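Structural characterization, general
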Amino acid sequence: MEDLVEEVVAIAGRDLTLLRPRDAEALLDDEAFEHEEFLPYWAELWPSALALARAIGTRALHGARTLELGCGLGLPSLAAAAAGGRVLATDWAPDAVAMTARNAERNGLVLDTLACSWTEPEALIERGPWELVLASDVLYEARNGEALLPLLPRLLAPRGEVWLADPGRPAAEGFFARAAGAGLDVVRRPAAELPRGAVYRIRSPA
Ligand SMILES: C[S@@+](CC[C@H](N)C(=O)[O-])C[C@H]1O[C@@H](n2cnc3c(N)ncnc32)[C@H](O)[C@@H]1O
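A brief look at the structure comes next. Only a predicted model underlies this, so the values are computations on that prediction, with no experimental measurement involved.

Let us now look at helix α4 (residues 94–106). If you check α4, its first and last C-alpha atoms are 18 Å apart, about what 13 residues at 1.5 Å a residue would give, namely 18 Å. Every buried residue belonging to α4 is among A96, V97, M99, T100, N103 and A104, and all of these are buried. Angularly, the buried residues of α4 cover 160° about the axis, an arc narrow enough to put them on a single face. Those residues of α4 that are exposed and aimed more than 90 degrees away from the buried face are P94 and E105.

What follows is the structure, encoded as structure tokens:
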């Protein structure tokens, strides 16, 4: 995959360069879609990734064990690594984690990557628990929230936090209502990049 373009994104006073495929739709694969309705959403830089990277990039992470779910091109993972986190960037698309690894190297940042689905998350749990879990624009289908809601408490360390950016996807509303109903503490922080959405901080009850 060499038809790539480079974007430069300012995060916490630092320019990060990000490679992405020039044309995400050109990556559509009929066979993969029929198998698991797989669409190459990883190949675009979504506003939620910008909002989450900016929210996380201003924090001092002091080596916090950090997991990104559905990393796509990996911008929040890059921001977390730049802020001092020890980061594992994951996505079910092997091309996404390969591009994230390439983007990290391009910016002189160190992180690990792993191809792994939320529907078979054992490797994510085994490598935990995580002090910080990041995810941007992952609630675009109800089935995603159904997989993620029971998974998040299994990933988190005591006092760990999930930071999840969402642009206001219809399926996200039910997710946040169920999260609150399950006793999770959900705090909404407005973000300039997400006029109809926000960055949410989710914690298990103390
Ligand atoms: C809308 S894209 C967002 C990508 C990136 N986080 C961003 O905001 O730019 C959703 C991401 O979730 C990933 N994804 C979808 N279903 C997944 C699953 N079951 N397990 C792991 N990753 C998944 C996709 O491959 C894609 O990278």
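Next up on the list: the site of the ligand. What surrounds the ligand is a group of 16 residues, the closest being W46, G70, D91, W118 and S136. Note that a nitrogen atom of the ligand is positioned 2.8 Å from one of the backbone N or O atoms of G70. Out of a free accessible area of 590 Å², the ligand has 97% covered by protein chains. In the shell around the ligand, the residues fall into nine nonpolar, four polar and three charged.

One open sheet holds the seven strands; their spatial order is β5-β4-β3-β6-β7-β9-β8, and the pairing between them is mixed. Since the sheet does not close on itself, it has two edges, and those belong to β5 (112–115) and β8 (185–189), each with one partner. Averaged over neighbouring strand pairs, the angle between their axes works out to 20° when direction is ignored. For strand β7 (residues 156–166) and strand β9 (residues 198–203), the ladder comprises six bridges, and the chain directions are antiparallel. Bridge pairing in β9 links D166 to A198. Where helix α2 (residues 47–57) meets the sheet, it contacts β6 (130–136), β7 and β9, and its direction lies at approximately 150° from that of β6.

For the rest of this paragraph, the subject is the pattern of salt bridges. Scanning the model with the defined rule gives nine salt bridges in all. Close ionic contact of R201 with D185 constitutes a salt bridge, the shortest N to O distance being 3.6 Å. With R201 in strand β9 and D185 in strand β8, the pair connects residues that are 16 residues apart, well separated along the chain. By relative accessible area, which is 12% here, R201 ends up buried. Among the salt bridges present, the one from D185 reaches R203, with a minimum N-O distance of 3.8 Å. Placement of D185 in strand β8 and of R203 in strand β9 is noted, with a sequence separation of 18 residues between them. We classify D185 as partly exposed; its relative accessible area is 32%. Exposure remark for R203: the relative accessible area of 28% places this residue in the partly exposed category. A single salt-bridge network, built from bridges that share partners, covers E161, D185, R201 and R203.

How each quantity is defined
Residues numbered from 1 in each chain as written. Predicted model: local features only at pLDDT ≥ 70, side-chain atom pairs only at ≥ 80, totals over all residues. Heavy atoms only, no water. Helix = DSSP H or I, 4+ residues; strand = E, 2+ residues; numbered from the N terminus. Expected span 1.5 Å × (residues − 1). Buried < 20%, exposed > 50% of the residue type's maximum accessible area, 1.4 Å probe, protein only. Arc of directions from axis to C-beta. Near = heavy atom within 4 Å. Polar contact = N/O pair within 3.5 Å; in protein donor to acceptor, adjacent residues only side chain to side chain. Areas by Shrake-Rupley, 256 points an atom, 1.4 Å probe, with all protein chains shown as cover. Nonpolar A, V, L, I, M, F, W, Y, C, P; charged D, E, K, R; others polar. Pairing = 2+ DSSP bridges. Axes fitted to C-alpha atoms, helices over the stretch in contact; angles between N-to-C directions. Contact = heavy atoms within 4.5 Å. Salt bridge = Lys/Arg side-chain N within 4 Å of Asp/Glu carboxyl O.

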